[in-house]
Each structure stands twice: as structure tokens, then as C-alpha cells.
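Examination of the molecular architecture
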Amino acid sequence: MLKVNEIEVRLSGIPVIHNISLEVKKGELVTVVGSNGAGKSTLLKTIAGTLHPTKGTITFENREIHRLSTPDIVKLGITYIPEARLIFGPLTVEDNLELGAFIVDDKNEVKKNLDFVYQLFPRLKERRTQISGTLSGGEQQMLAIGRGLMSNPKLLMLDEPSLGLMPKLVDEMLDAVSKLRDMGKTILLVEQNVFESLQIADRGYVIQTGKTIKEGKGSELLASEEIKKAFLGL
Amino acid sequence: MLIIDALLQGLLIGLLFALVALGLTIIFGVMDIVNFAHGEFLMLGMYAVYWTNYFLNIDPLLALPVSAALGVILGLASYYLLISYLLRGPAIAQLFGTFGLMLFLQYLAMFLFSADYRMIERGFLVGKSISFGPFVFEATKLAAGVLSLISFAVVYYFLYKTKLGKALQATAINKEAATYMGIKTEKMNAIAWAIGGGTVGIAGGLLVNFYYAYPMVGILFVMIAFACVALGGFGSVKGVFFAGLLIGVLEMIFPVFGHLVGSDFLGPHFKFTVVYLAYFIIVVVRPQGLFGWKN
Ligand SMILES: Nc1ncnc2c1ncn2[C@@H]1O[C@H](COP(=O)(O)OP(=O)(O)O)[C@@H](O)[C@H]1O
Ligand SMILES: [Mg+2]
């Protein structure tokens, strides 16, 4: 479904991603793990069209997308839930969700997607008329994910959904992500929580300073000595 | 009685001030750009109705769509032919760019229409007055207040109740996040300029019924509009509404106070001092304005 082929991405002229390739197949939950500053957010922003690669290509459903703008990529069915969440703080929870469905013209479909999101995160339904800037950190993350689901995307990209959350909420959030995969969603998840995310992923890529250093099934990567050494200091 | 009368007159003119300032605050809210040429859009809106009335003998109220359309065209042309290029440069370029547009439009008006003062002479409401009990209103001012309120309400409805309006708000709050929803920033920018130009065009068309049009007329009103935007909170639509009313009332009530205490010192020339003093006080005490959420 999504293929990233040997891309290089520069920020202010400096290569931040040197050479990364990856693939996400329909229905898969793929995770990209790496420590802070490895280039995970840069990778997702490049797929989302906010940044553009200086080398390599990105294809989605066999179509080149790496020169398209973000709104055009959203229309093709890829949504990006940014690390900073970027909810629309002065607006209500429900307004935020409706904005997530901006590209959906059919009102019935918007309603259906809204029901789906409220089912996944009942907390959001309780708070639907609340100004979203006053939600707690965990609720804001739920809102960011819910908003990303409102267009019923073909591919959902999540940038560190567990960042800054209490351990209990981290588990809750990653549970929600694996639940989404079980419902048939295709997901590209970026995490610093290496072990938790590899546990729920079908496949994973490990990146370090802008390069892929290892890839494989989630369970294989979890068992690998290299990974243990790099991320647990064992 | 004098005070209540001044209050009512102030509210009427305040509604017009709010409509003048509306476009300024929307453009600022969406793009962080101060449109210095906003007053010149008002001036051209005034001339649009004036000349339509003069040459075609159409009632100034019926000529309002002409000033609205001219305003929209001015807004869109400014955005696509000037601002969209300036966006690639530093913020200071945008400042000088709209300032240059202001000067250009002023001198263009001077060249085309001369510096003469012009006001509508023939019109259904011109010269008429309407009284409610002891209060007498000039019909043109009453119409300006009511139509300003209606125009404001239409824009408010668009912004807060429609999908496109909410997308515009989303872009104002966070451009990047809005693009992740599939909202195109350039399209929202253009809509902001179209609304900004259209509303101030209408305001000009209403104003020319009781105020002279001349090439430099924009400055006086854009200064009041700047005060409204800052008082209301940069980018706040609700804020600019109440700030407009407040300034309208202040402007009308202070001369009355002066009259009541028999002071020349507090006379009409003092009124704008009070308006801008209120502006300074609020900007210092509450820099985000009355309703602002932008810092
Ligand atoms: N504007 C920029 N110019 C140059 N380097 C940048 C810029 N922004 C971020 N970087 C660098 O890019 C690297 C990757 O950042 P990022 O993709 O955010 O990493 P991650 O999401 O994995 O923590 C970091 O080392 C960061 O310092
Ligand atoms: Mg990151």
C-alpha cells in the first residue's frame, strides 16, 4: 500500500534522513522505533507531504506522492496525527472531530465516523461540547487520534501517541491502536516506547540517525540482541 | 436623556465601526498580516456607491452589492497579485507591501476622482429622520447600523456554523494542523481576503450615505478599526464586535459629558483622545484584548 524507497530528507539543508526504505501492507500495523532525534517525526512528515524528500520516492497504492501537498495526500486517504497533537484548542471537542472529516462531503458518513470515534473513546462523547484546550493530556491525545479517524483514512500515521502520558494511559493508548488494527485499519506507528510498540506491531523498523538499522517481525525484533543492547543498555 | 441619546447614536455608529474592523481582524487572525490598505478598501467602497448613484441614479442602498463586489474583488486581487508573493519574504515585506498598497490606492483615487469631498445627495433615506419617542435618528445612520449588524451576523454565522467557516477558524488557530485535515491554506487565505474586502466594501457603501468620500478618508476609519482589533483581541471576531460598540459609545458620550459640565476642554475634539486612551489602557492591562486567545 505504502512504499518508501531510499529517501533522503534535509532540514535547513542538513540531511536528517539519510536513507530509509519501508513498506506498509494493507491491514498491517507497522511500527518505526528509534530514540529521540532519530528522524521518526521527519519521516512521517515527509510521507504526509509537509516535507519533501531530496532523493528517493514515496508511492501510495502505486502512485507517486512525494511531490504532493499535505491536503492532497489527505484526500488520497493518508492521515497524520502529529506528535504535538495540534488540536484546535479554542474549539469544542465535536468541532475538532468534524474538522477531521473536512474532506468527507457525505453527512451520513461523517455521522458514522463520529459514532465510531465515540465508541472507541467514550470519554470524548462525554466531553463533546467542552472547549478542547481544557482537556487533559490523555484526552487531547484521544481527540487527536479521533480527529485523524474522522475521514476514515486508508492509512493512519501516529507520531508517538504515548508521549507525555502516564504509564496507565500509555497502555490504554497502545491498546486502542491495536484494537484499530484488529478492526482492519492500516497503521504506521512511530514510537520511542520500543518494547510496548513492537509487542503490538506486525512488523517493525528500527532507525538510528536517519538510517534503518534493522527490520523484521515485531516478535523477531523483540528477541534480537542488538535491539536489547541499543535500547535497554543490556 | 442626552446621555441615552448619545448611547444609542454611539451604538449605531459602533455597529459600523465593528463591520469596518471585522475584515481586518479576520485577515490578521488567519494570516498574521495587518492590512494597511483596509481603509482604502473602505474608501473605494464609498466611491463605488457614490458613482453608481451618480451615474446610474440607483438608490445608494440598492447600490450596496456594487461596493460589496468591488470589496471582494479588491481583497482577492490583493491576495493573489501581491500578498501571496510577499508571503515568501520576511514579515516586514508584508508590512511594507500592504502599506505600499495603501499609498497606491490613495493616489489612484486622487488621480481618478480628484481630492473633492463627495457625498450622496439623492437617495431614499437621505435627509430623512426617524423618531422613536424622544429619540430622533437620521435614517441613513439607522440603516447603516442595522445593515452593519446584519452583515456582521451573516459573517458570524458563516464562521461559526458552516464547515468552510470552521475550516477558516482552524487555519487561524493552527495552519499546519489544518493542512493535516485536508484544508488548503491558500484557499483559506483567499477566503479571508474576500470576506475582509467584501465587508469593508459594504461598510464604505453605508458610510457614504452620511459621510464624505475623499481619497484620504480611509485613514480616519482604519485607525478606529485598528483600535477595535487591538481592544477586541487580535483575530477575535466577537471581540471586535464589542470593541466597535464600545468605541462608538465612547466617541458619542464624551462630547455630551463635556457639554453637560459646560467644558470646552471635554468637547468633540477630545473624543478620539478618549478612544485611544481606552485602547492603551486595555492593551497594557490585557495585551490579548477583551476576547483574545492569540498571544
Ligand atoms: N529545522 C531543523 N534543521 C535542522 N535539523 C533539524 C531541524 N529540526 C529537527 N532537526 C533535527 O532532525 C533530527 C530528527 O528529528 P525528528 O524527526 O524530530 O526526530 P524524532 O521524531 O525521531 O525524535 C533531530 O536530530 C533534530 O535535531
Ligand atoms: Mg518525533
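Structure shown above.
A few points on the structure. (Residues numbered from 1 in each chain as written. Chains lettered and ligands numbered in written order. Predicted model: local features only at pLDDT ≥ 70, side-chain atom pairs only at ≥ 80, totals over all residues. Heavy atoms only, no water.)

1. Details of the overall build of chain B
- The helix and strand inventory of chain B stands at 11 helices and two strands.
- Listed by position from the N terminus, the elements making up chain B come as α-α-α-α-β-β-α-α-α-α-α-α-α.
- In summary, chain B has a C-alpha radius of gyration of 19 Å against a globular reference of 19 Å for 295 residues, a match within 12%.
- When the backbone C-alpha atoms are referred to their principal axes, chain B occupies close to 60 × 50 × 35 Å.
- Here chain B, with 295 residues, has 56% of them falling under the buried criterion.
- With an accessible surface of roughly 13000 Å², chain B has 73% of that area assigned to carbon and sulfur atoms. (Helix = DSSP H or I, 4+ residues; strand = E, 2+ residues; numbered from the N terminus. Rg over C-alpha atoms; globule rule 2.2 N^0.38 Å. Buried < 20%, exposed > 50% of the residue type's maximum accessible area, 1.4 Å probe, protein only. Areas by Shrake-Rupley, 256 points an atom, 1.4 Å probe, with all protein chains shown as cover.)

2. Side note on the coordination of the magnesium ion (ligand 2)
- For the magnesium ion (ligand 2), every protein donor is listed as Ser41 of chain A (OG) and Glu83 of chain A (OE), and the spread of their distances is 2.0 Å. Linking Ser41 of chain A in helix α1 (residues 40–48) with Glu83 of chain A in the loop between β6 (78–81) and α3 (93–100), this pair joins segments that are 42 residues apart in sequence. (Donors = N, O, S within 2.8 Å, 3.2 Å for Na, K, Ca; no water.)

3. So, the pairing of strand β9 (residues 203–208) of chain A
All names here are of chain A.
- Most of β9 is tucked away, with five of its six residues classed as buried.
- Here β9 runs beside strand β10 (residues 211–217); their pairing, made up of six bridges, is antiparallel. From the neighbouring strand, Ile207 faces β10, where its bridge partner is Thr212.
- In sequence, β9 turns back onto β10 through a hairpin of two residues, with Thr209 there showing a positive phi of about 35°. (Pairing = 2+ DSSP bridges.)

4. Overview of the nonpolar core
- Judged by nonpolar contacts, the single largest core of 122 residues is most densely connected at Leu2 and Leu188 of chain A together with Ile26 of chain B.
- For this core, the leading source of residues is helix α1 (residues 2–31) of chain B, giving 14 residues.
- Each of domain 1 (2–77 + 155–232) and domain 2 (88–153) of chain A accounts for three or more of the residues forming this core.
- Excluding anything up to four places from it in sequence, Leu2 of chain A contacts Leu22, Glu23, Val24, Ile47, Ile58, Thr59, Phe60, Ile65, Ile78, Leu155 and Leu188 of chain A.
- Leu97, Leu124, Val170 and Ala176 of chain A belong to the second largest nonpolar core, which has 35 residues in total. (Core = buried A, V, L, I, M, F, W, Y, C linked by side-chain atoms within 4.5 Å. Domains from an automatic or database assignment. Contact = heavy atoms within 4.5 Å.)

5. A word on the side chain of Thr185 of chain B
Residues and elements named next belong to chain B.
- Within the element layout of this structure, Thr185 appears in helix α8 (residues 185–207).
- According to the relative accessible area criterion, Thr185 is buried, its value standing at 14%.
- In this view, Thr185 contacts Thr171, Lys175 and Thr179; residues no more than four positions away in its chain are not counted.

6. Observations regarding the packing of aromatic side chains
Residue and element names in this part refer to chain B.
- This structure, assessed with the given rule, holds 19 aromatic pairs over all chains.
- Arranged with centres 5.1 Å apart and planes meeting at 65°, the rings of Tyr79 and Tyr80 form a pair that is edge-to-face.
- Taking relative accessible area as the criterion, Tyr79 reaches 2% and is therefore assigned buried.
- Taking the centre distance of 5.0 Å and the plane angle of 55° together, the rings of Phe152 and Phe241 count as tilted. Residue Phe152 is found in helix α5 (residues 139–161), and its partner Phe241 is found in helix α10 (residues 237–260); the two are separated by 89 residues along the sequence.
- Phe152 gets classed as buried once you look at its relative accessible area, which sits at 4%. (Phe/Tyr/Trp six-rings, centres within 6.5 Å; stacked < 30°, edge-to-face > 60°.)

7. Describing the site of ligand 1
All names here are of chain A.
- The environment of ligand 1 is formed by Leu11, Ser12, Val16, Ser35, Asn36, Gly37, Ala38, Gly39, Lys40, Ser41, Thr42 and Glu83.
- Ser12 places a polar side-chain atom, nitrogen or oxygen, 2.8 Å from a nitrogen atom of ligand 1.
- Gly37 is positioned such that a nitrogen or oxygen atom in its backbone is 2.8 Å from an oxygen atom of ligand 1.
- In isolation ligand 1 has 570 Å² of accessible area, and contact with the protein removes 60% of it.
- If you tally residues by element for the shell around ligand 1, the top one is α1, at three residues.
- For the shell around ligand 1, the class distribution of residues is three nonpolar, seven polar and two charged. (Near = heavy atom within 4 Å. Polar contact = N/O pair within 3.5 Å; in protein donor to acceptor, adjacent residues only side chain to side chain. Nonpolar A, V, L, I, M, F, W, Y, C, P; charged D, E, K, R; others polar.)

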